[in-house]
Amino acid sequence: MEKLIILHGALGSKTQFERLINLFSPSFDVYFLEFSGHGIQSFRKEFSVEQFSKEVVDFVKVNHLEGSHVFGFSMGGYVALYTALLKPELFQSIQTLATKFEWSPEISEKETKMLDAERIKEKVPAFAEDLNRRHNDWQQLLNCTKNLMEELGSKPLLSDESLNQISVPVTIMRGSLDSMVSAQESEWATNRLQNASLKTLTDAKHPIEKHDFEELKQLIEANILKK
């Protein structure tokens with residue numbers, strides 16, 4: 001039985017992944033970690049990649065999941081890699097999808113402009129309704145996520161040096177139509193990791209809902225079984 005932990009992205013929750021979780025073969029024991037402040041989880045004192053990494057470590061220990069495989073979407077992939085930097089013994093392999101590796105003050109400013117609650121309610125009310133259904137307090141979550149991105153912009157946690165220290169096998173996946181994550185930054189991260197490969201998903205955009213879950217399930221399983 002292969003143990004797989006799934007980590008969601010910024011503004012994400014378990015509800016987005018339930019259909020994917022149900023697709024996995026019986027030979028996969030699938031676990032999902034919902035970070036604090038997301039979905040039905042309460043906010044903690046700290047809201048950061050470091051805090052989410054601590055939650056991953058605790059989740060692994062409580063559920064006896066040492067040596068598991070990890071699939072991290074977007075921010076979840078960033079958290080998984082940062083955790084592997086600190087605790088490489090926890091994971092057998094890591095797969096990331098749509099994870100942004102390039103952060104600077106300019107990039108974080110660009111990304112946080114899209115996290116204005118009033119603008120979202122006015123311009124994309126359907127998205128506001130979706131966030132409201134998905135989270136206990138989506139407007140507080142927006143503000144906390146803005147702060148997290150600003151922190152990454154001023155001090156990225158995954159640098160040339162830190163990525164080079166990660167020994168866990170990694171597969172980096174990116175959709176060819178992802179407008180948030182560039183091919184260049186995905187290649188940059190792949191080339192700096194000790195043991196990594198890059199997979200491009202044809203005609204796939206950034207949001208997890210835009211991906212073909214059957215295809216994604218097959219990719220995740222195949223990447224694990226070839227390790």
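Below, the structure is looked at part by part. Everything numeric here is computed off the predicted structure, so don't read it as measured data. (Residues numbered from 1 in each chain as written. Predicted model: local features only at pLDDT ≥ 70, side-chain atom pairs only at ≥ 80, totals over all residues. Heavy atoms only, no water.)

## Brief notes about the environment of Ser-176
When you line up the elements, Ser-176 lands in the loop between β5 (170–175) and α9 (183–192). In the structure, Ser-176 is positioned 69 residues away from Ile-107 in sequence and 20 Å away in space, judged by C-alpha atoms. Those residues in contact with Ser-176 that lie beyond four places of it in its chain are Thr-200, Leu-201, Thr-202, Asp-203 and Ala-204. (Helix = DSSP H or I, 4+ residues; strand = E, 2+ residues; numbered from the N terminus. Contact = heavy atoms within 4.5 Å.)

## Looking at the environment of His-38
Positionally, His-38 belongs in the loop between β2 (28–33) and α2 (49–62). Using a relative accessible area of 0% as the deciding quantity, one classes His-38 as buried. Sequence separation between His-38 and Trp-138 is 100 residues; the distance between their C-alpha atoms is 8.1 Å. Setting aside residues up to four positions removed in sequence, His-38 forms contacts with His-8, Gly-9, Leu-11, Gly-12, Phe-47, Phe-52, Met-75, His-135 and Leu-141. (Buried < 20%, exposed > 50% of the residue type's maximum accessible area, 1.4 Å probe, protein only.)

## A closer look at helix α6 (residues 125–134)
Among the residues of α6, Ala-128, Leu-131 and Arg-134 are the ones counted as buried. For α6, the angular spread of buried residues about the axis comes to 130°, placing them on one side. Exposed side of α6, more than 90 degrees from the buried face: Ala-126 and Arg-133 are the residues found there. Structurally, α6 contributes buried residues whose contacts are with α5 (117–123) and α7 (138–154). (Arc of directions from axis to C-beta.)

## Some remarks on the pattern of salt bridges
Applying the stated criterion to the full structure yields eight salt bridges. With a closest N to O distance of 3.4 Å, Glu-214 and Lys-217 form a salt bridge. Of this pair, Glu-214 and Lys-217 both sit in helix α10 (residues 213–225), three residues apart, which is roughly one turn of that helix. The exposure class of Glu-214 is partly exposed, given its relative accessible area of 33%. Residue Lys-217 is classed as buried on the basis of its relative accessible area of 10%. Overlapping salt bridges, with partners in common, bring together Asp-130, Arg-133, Arg-134 and Glu-209 in one network. (Salt bridge = Lys/Arg side-chain N within 4 Å of Asp/Glu carboxyl O.)

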